[in-house]
Structure formats: C-alpha cells, structure tokens
Amino acid sequence: IHRGSLLPPVFIDPERIRLVLTNLLANAITYTNAGGSIEVSAKYSKDTDYVLVSVRDSGMGIAQEDRPRIFSKFFRSGQAVRVQPNGSGFGLFIVKNIILQHGGAIWFESEEGQGTTFFFTLPTKEEGVNKKEVSFEDLFLKI
C-alpha cells in the first residue's frame, strides 16, 4: 500500500486485524517455495462501502477435498502437514472468526500447484465496540 492511497479508514481492532494479516502472510510464506511470489492488496468499493483485502501466493494450493474444511477448528490438510509438521490447525479458524466479528467476510480461491488467494472485507463504517478508526498505511507499517 502506498502512502496517500485512496483507501478510506476502517473501524477495526488493529491488534486483531494484524493477527489476521500475520497469519495469512505466515501461511503464504510457509507454503510457497523459494522463488515464489506473495502479493498483498487492498481496494475500496464505493458500491459496498467495504475495503477488500487479498493475500495471494504462488504456493502449493489447497486440494479440492480439503476446501470445505479449511476454516474448521484444528483442521490441517495432509499437504500442509508434510510441508510444516508443527501446527495446530487453529489459525484460519481464528482468522475467520475475527473477520466475522468485524462485520466482514472471508473466502479463498485456490488451484493445486498454482497458489491460493485469501480475500476478506472490512467495513468502512463503525459497526462494533472496541474498534477504532485506523488507516491502512498505519496498519501495515506495524506488521
């Protein structure tokens, strides 16, 4: 994100959204081979009044049979266990719950061997307690 971007502030709990971004980025790094790529982007939609954030990697992707359970508590795919034996399978479950608590949505697109993109939305209107107005620049500078 470049300073002076056209993204409006969002009303979030910054620590929790940093946890979301850190988890998604850590997964992208873990499951992308050396020489691969990872891209983070954010854009604003006036139509929905949400900011859409995406984390795209060129990693191993998610197997078709694992997709329905990817946000389930304690779930880890066989591929993920082979690449990274240590893990709780709790990260994406937490990520989903944080985004839902913020009034957003989360989903992904993936192709085996080609990578995965996780998307989530954040409202630009104050919708909950314990949230404050934060610029995206400030959010990303502290990760």
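Further up the page is the structure itself.
Presented here is an overview of the structure given in this document. Just so we're clear, the structure is a prediction, and the values are computed from it rather than from any experiment. (Residues numbered from 1 in each chain as written. Predicted model: local features only at pLDDT ≥ 70, side-chain atom pairs only at ≥ 80, totals over all residues. Heavy atoms only, no water.)

1. Topic: the environment of Arg16
In this fold, Arg16 is placed in helix H1 (residues 14-30). When its relative accessible area of 40% is taken as the criterion, Arg16 is described as partly exposed. Filtering out sequence-adjacent residues up to four positions away, Arg16 remains in contact with Ile98, Gln101 and His102. A polar atom in the side chain of Arg16 sits 3.0 Å from the side chain of Gln101. (Helix = DSSP H or I, 4+ residues; strand = E, 2+ residues; numbered from the N terminus. Buried < 20%, exposed > 50% of the residue type's maximum accessible area, 1.4 Å probe, protein only. Contact = heavy atoms within 4.5 Å. Polar contact = N/O pair within 3.5 Å; in protein donor to acceptor, adjacent residues only side chain to side chain.)

2. Section: a nonpolar patch on the surface
Taken together, the side chains of Ile29, Ile38 and Val40 define a hydrophobic patch exposed on the protein surface, amounting to about 240 Å² of accessible area. Note on placement: Val40 falls in strand S2 (residues 38-45). (Patch = residues over 30% accessible without salt bridge, like charges linked within 9 Å, V, L, I, M, F, W, Y side chains within 5 Å. Areas by Shrake-Rupley, 256 points an atom, 1.4 Å probe, with all protein chains shown as cover. Salt bridge = Lys/Arg side-chain N within 4 Å of Asp/Glu carboxyl O.)

3. Some points on the pattern of salt bridges
Inspection of the entire model under this criterion finds three salt bridges. Here Arg16 and Asp13 are joined by a salt bridge, their closest N and O atoms 3.6 Å apart. Measuring nitrogen to oxygen at the nearest pair gives 3.4 Å for the salt bridge that ties Glu39 to Arg56. Of this pair, Glu39 sits in strand S2 while Arg56 is found in strand S3 (residues 50-57), placing the two residues 17 residues apart along the sequence. According to the relative accessible area criterion, Glu39 is partly exposed, its value standing at 40%. Assessed through its relative accessible area of 30%, Arg56 is described here as partly exposed.

Read these as layout, nothing more, since geometry by itself doesn't imply function.
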